[in-house]
Amino acid sequence: MSEAPGANGHDRGTLGTMRNAGVLLQLLSEGPLQVSFTELSERSGLSPSTAHRLLRSLVLAGLVQQDPRTSRYSLGLHVVRLSESYLARQPVLRALGPYLVELRTLTEATVLVGLLIGGSVLYADRVDAEHAGGIFRQTERVHDAFETAAGRVLLAHADQVVWDDASAGSPIGVAFDAADREAWATTPWLAVDRTEPAGAVEIAVPVRDRAGRVVAALSALAGAKSLTEDLHAERATVLLRAAKAAGQAVGDA
């Protein structure tokens, strides 16, 4: 069993406490909706007394909630409020927002905006294709970055330490190396066959701010049957045009 940072006594004080609280929140974000105290203590590597103290503080802060019937823990609704507040303040999302409906019409695909969070891509905004029933209406917003076109675009332009950490934490990340990263970073757009949703192809382009930093990925998701190489290029061209226009409103030159 891996030990949580700070659980071994090397990170005492406020820093260790915050790290340990982060470990508990991370565990609560994975697996089942509700987790028992025993499982949280064992998986975190924290002593029962430390885990109980931290969970009590997180409950009081609204970041964690405890079911009075089962005594199991889950993330609190305040976490959702914080995440929504964070996303609402992201300049790149505000800049891209006005383009999404038009892009959906022009590409005849579901259009998404991806942000990189550690080794995952968060699809922070989306407009579904007009006839996107079934698989294209999946609700998951967070995916392994290596599984998606948007994630690969973002990882390719991220710092080396971000790439290394993402590769180490991904079950498929080990399949890709520096040559793949270089190829992803130098191509104008990427196309990836998606396993989730099944039978879809995602085309993604980088969104750069005025300083040239890649701050998001803009992508189109459509059924594989509807895609030809020419249509790949056409959709990528539309996405690139919007990404360039929106990026000029983000950041400092």
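A quick note: this is a predicted structure, and the numbers were derived from the prediction, not measured. All residue numbers refer to position in the chain's written sequence, counted from 1. Where totals are concerned, whole chains, interfaces and linings use all residues; where local detail is concerned, this predicted model gives features only for residues with pLDDT of at least 70, and gives and counts side-chain atom pairs only at 80 or more. Side-chain metrics in this entry use all non-hydrogen atoms of the structure; hydrogen atoms and water are not considered.

> Is there a simple way to explain the nonpolar core in this structure?
Within the largest apolar cluster, 28 residues are counted, with the highest numbers of intra-cluster contacts made by V92, L103 and L218. No other element matches the six residues that helix α10 (residues 229-247) contributes to this core. Here the nonpolar core consists of buried residues drawn from Ala, Val, Leu, Ile, Met, Phe, Trp, Tyr and Cys, with membership extended through side-chain atoms lying within 4.5 Å. Note on classification: 1.4 Å probe, protein chains only; a residue is buried when its accessible area is under 20% of the maximum for its type, exposed when over 50%, partly exposed between these limits. Counting 21 residues, the second largest nonpolar core, distinct from the first, contains F146, A149, A200 and L221. Here a helix means four or more residues in a row that DSSP labels H or I, a strand means two or more in a row labelled E, and each is numbered from the N terminus.

> In this structure, what is going on with the packing of helix α6 (residues 100-107) against α10? I would like to understand it.
Any two packed helices are characterised by how steeply their axes cross, that is the angle between the axes, and by the distance between the axes. Between N-to-C directions, angles cover 0 to 180 degrees, with each direction set by a line fitted to C-alpha atoms, over the stretch in contact for helices. Two elements in contact, α6 and α10, have axes whose closest approach is 10 Å; the angle formed by their N-to-C orientations is 165 degrees. The orientation of α6 with respect to α10, classified from their angle, is roughly antiparallel. At the point where α6 passes α10, the crossing takes the right-handed sense. Touching L103, L106 and T107 of α6 are R235, V238, L239 and A242, all from α10. Residues of the contact of α6 with α10, tallied by class, amount to five nonpolar, one polar and one charged. Roughly parallel refers to an angle under 35 degrees, roughly antiparallel to one over 145, roughly perpendicular to one between 65 and 115, and oblique to any angle outside these ranges. Whether a crossing is left-handed or right-handed is set by the direction in which the near helix is turned from the far one by less than a right angle, anticlockwise for left-handed and clockwise for right-handed. Any two residues having at least one pair of non-hydrogen atoms within 4.5 Å are treated as being in contact. Following the grouping adopted for this structure description, the nonpolar residues are Ala, Val, Leu, Ile, Met, Phe, Trp, Tyr, Cys and Pro, the charged ones are Asp, Glu, Lys and Arg, and the polar ones are all others, Gly among them.

> How should I be thinking about the pairing of strand β8 (residues 214-223) in this particular structure?
As a general feature of sheets, a regular strand has side chains that alternate between the two faces. Within β8, seven of the 10 residues are buried, which leaves the element mostly enclosed by the surrounding structure. For strand β3 (residues 110-117) and β8, the ladder comprises five bridges, and the chain directions are antiparallel. Bridge pairing in β8 places V111 opposite A220. A strand pair is defined by DSSP finding two or more bridges across the two strands. Across nine bridges, the pairing between strand β7 (residues 200-208) and β8 is antiparallel. Paired with I203 across the strands is A220, a residue of β8. Here β7 hands over to β8 after five residues, with G212 in that stretch at a positive phi of 90 degrees.

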